[in-house]
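A look at the structure
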Amino acid sequence: MKVRTIIDKEWEEIVRNRSVFWSLVLLPLILTVVFVGVFFFMHLEFLRTGTLNMNGSVPAYLQGYAPVDAVMIMMLNQFMIYFLMAPLALPIYIAAYSIIGEKQNRSLEPLLATPIKTWELLLGKSIAAVVPPVLAGWVAYALFAAGIHSLVSDVVWRVAVEPLWLLSIGILGPLFGMLSVFVGIIASSRMNDPRAAQQWTALFLVPLIGIGMGMMFGVIVLNPLTFALGILGVGLLDATTLYIAVRLFQRETILTRWK
Amino acid sequence: MIRTEGLTRRFGAQTALENLDLQVHRGEVFGYLGPNGAGKTTTVRLLCCLIKPTAGRAWVNGHEIGAESDAVRASVGILTEMPGLYDRMTAVRNLDIFGRLYGMSAAERESQIKRYLQLFALWDVRDQPVGGFSRGMRQKVALARALLHEPPVLFLDEPTAALDPEMAHIVRDAIAELKNQGRTIFLCTHNLDEAERLCDRIAVLRTHLIAVDTPENLRRRLFGRHTVVRMRQIDPELAARVRDLPFVQHAIVEDGQLLVDLTDPELQNPQLVRYLVGLGAEIQAVTELKHSLEEVYLSLIEEGKPA
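Residues numbered from 1 in each chain as written. Chains lettered and ligands numbered in written order. Predicted model: local features only at pLDDT ≥ 70, side-chain atom pairs only at ≥ 80, totals over all residues. Heavy atoms only, no water.

**Focus: the environment of B:I301**
All names here are of chain B. Operational definition: The secondary structure listing takes helices from DSSP runs of H or I that are at least 4 residues long and strands from runs of E that are at least 2 residues long, numbered from the N terminus. Whether a residue is buried, partly exposed or exposed follows from its accessible area with a 1.4 Å probe, protein chains only, as a fraction of its type maximum: under 20%, in between, or over 50%, in that order. Contact between two residues is taken to exist if any of their heavy atoms lie within 4.5 Å; hydrogens are not considered.
Counting through the fold element by element, I301 comes out in helix α11 (residues 293-304). With a relative accessible area of 9%, I301 lands in the buried category. Considered as a pair, I301 and M104 are 197 residues apart in the sequence and their alpha carbons are 42 Å apart. In contact with I301, other than residues within four places in its own chain, are G34, P35, V204, L205, R206 and I210.

In structure tokens form, the structure reads like this:
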């Protein structure tokens, strides 16, 4: 009940804070339109010339596909990485705002004086910060998949809705989102300014973007093994950062050390 | 209702509160006075279970701080120095969130929110974001938030700061009404006039407790009791004759009035008046010289300064 109250409060604030709300809605929406647009123009090019050419050689994992499908799948994989990693980037805005915003408003003290438990407050804030970006990522992915359906061959379409991608976006995405929130909470506990906290959070998350880069260049290929390792690795990171965040997110620390 | 035993809080090498022994009774308005940095906020935070003591114990509404933190928090309402509202939300939503956190039902929340917003003349602006409110209006919303769940113990930090005189009067009346309902009110204030008017007892703090008593007893303890006798004409030698009386501790003529120190004015004033009339004095008025609470406070603070 109290967790729900915190979530409701946070979401109401997100909706009423236009800069946070639009950063959440516009970024996925614009990128989805751009991604669908890229496929639209590739489709037009294919209709015009009957083929699509790639600069350089076709990566090994795309050997065996028709050239047009190989180009589209390579492009698709890059875009899919965005949908997978989006929950990592988007909660940074919300997490930093939801905690530092309370500090700046001086609203934490009355909130902490209620009979809410620290874990309830932390859980409420974390869920409130994770769910909207994850949903935004899922909606963006659904719009993207629907948008390219008539622009690509069945072979490419099957890659776009491949169960492993769906599982990755459905499970790994939220795990990435939680990681971002917990790192955001840790950064917020040491800073005053939401922008500084966002930048530090982003800095901590840079190594994870390496995973995306690795996938983009075909160094990491999504298969059941890499998926399982991803779940395990990000899950462990989540647990570790959650532990640190809970240790730092104590009433006393917040009131006496947060400046 | 509130009891502390050796309550101490240190932040690193700095002692914010030292060895506080205090007892606040049910239904009492207890003034907590002290300069900035004296440990007032630290005390409130300790008693609301927001921070832990370095040493000592305390009980609020029968619940021990630390051991029964949730029960303590459910028993108290707190008005912090800054209102700390959610600026983008309306007054109703701000209160509703806290009502939910205090476990109130929807019907209770609705009636209590209406009651306090009407009491503080905020009902007409209930659906406006509080970010656009004046400081005084925000303070009133914060006060309504502290009262919403009808806590038996209230911690009020400068409740009338930033309020106009009319609203300050309403808030003081509300505090008096809460006292009549049996609520215990722990009032941190720099407004000595307010403390004088509202508080049954006051404590003066400067990291450690300097004094705690009723304002009247503190006055007597510090300045004694002086009877002031105003006469149509005063003989400068009169003071010397009055000093000869066995029950008079001291007497002087000052500003054309006779000032007499007595140990028990209620008993000895009639004897003094009879004596003066016997000497032919034409008495116009007999009053008691009252030192202001400000004088009491400043004197106590001076007394409590480290050597």
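The rest of the description comes next.
**Let's talk about the nonpolar core**
The test is simple: What makes a nonpolar core is a set of buried Ala, Val, Leu, Ile, Met, Phe, Trp, Tyr and Cys residues whose side-chain atoms join them at distances within 4.5 Å.
The biggest cluster of nonpolar side chains holds 108 residues, and the ones touching the most others in it are A:F39, A:L76, A:F83, A:F144, B:Y32, B:F155 and B:F186. Broken down by element, this core gets its largest block of residues, 15 residues, from helix α3 (residues 67-89) of chain A. Ignoring sequence-local partners within four residues, the contact set of A:F83 consists of A:T32, A:F35, A:G137, A:A140, A:Y141, A:F144 and A:I169. Counting 46 residues, the second largest nonpolar core, distinct from the first, contains B:L85, B:V141, B:M167 and B:L198.

**Quick notes on the environment of A:P132**
Take A:P132: it is sitting in helix α6 (residues 118-148). Its relative accessible area of 15% is what places A:P132 among the buried residues.

**A closer look at the interface of chain A and chain B**
Under the convention used in this document: Buried area adds together the accessible area that both of two parts lose upon being put together, with accessible area traced by a 1.4 Å probe. What makes a salt bridge here is a side-chain nitrogen of Lys or Arg within 4 Å of a carboxyl oxygen of Asp or Glu, nothing more. Between N or O atoms, a polar contact is any pair within 3.5 Å; within protein, one atom must be a potential hydrogen donor and the other a potential acceptor, and residues adjacent in sequence are included only when both atoms are from side chains. Charged means Asp, Glu, Lys or Arg here, nonpolar means Ala, Val, Leu, Ile, Met, Phe, Trp, Tyr, Cys or Pro, and polar covers whatever is left, Gly included.
Each partner contributes to the interface: chain A provides 29 residues, whereas chain B provides 28 residues. Together chain A and chain B conceal approximately 2800 Å² of surface at their shared face, both sides included; 58% is due to carbon and sulfur atoms. Where chain A packs against chain B, one counts 4 salt bridges. For B:R93, the salt bridge is made with A:E12, and the minimal N-O distance between the two is 2.6 Å. Between the two partners, chain A and chain B, sit 7 residue pairs in polar contact (both at pLDDT 80 or more). Counting only elements with at least two residues in the side of chain A that touches chain B, the list comes to α1 (2-16), α4 (91-105), α5 (108-112) and α11 (251-257) of chain A. A per-element tally of the side of chain A that touches chain B places α1(A) first, with 9 residues. Classifying every residue of the side of chain A that touches chain B gives 10 nonpolar, 6 polar and 13 charged.

**Here's the deal with the packing of aromatic side chains**
For any two aromatic rings, the description comes down to two numbers: the centre-to-centre distance and the angle of the planes. As a reminder of what qualifies: The pairing test for Phe, Tyr and Trp rings, Trp by its six-membered ring, is centres within 6.5 Å, and the orientation test on the planes gives stacked under 30 degrees, edge-to-face over 60, and tilted for anything in between.
For the structure shown, the criterion picks out 16 aromatic pairs over all chains. Centre to centre, the rings of B:Y32 and B:F186 are 4.7 Å apart; their planes meet at 50°, and the pair counts as tilted. Pair noted here: B:Y32 is in strand β3 (residues 29-33) and B:F186 is in strand β8 (residues 184-188), with a separation of 154 residues, a long-range link. In terms of burial, B:Y32 and B:F186 fall into one category: buried. Look at B:Y116 and B:F120: their rings are 6.4 Å apart centre to centre, the planes differ by 25°, and that puts the pair in the stacked class. Residue classification places B:F120 among the buried positions, given a relative accessible area of 0%. Put simply, the rings of A:F35, A:F39, A:F79, A:Y82, A:F83, A:Y141 and A:F144 touch in pairs and so form one group of aromatic residues.

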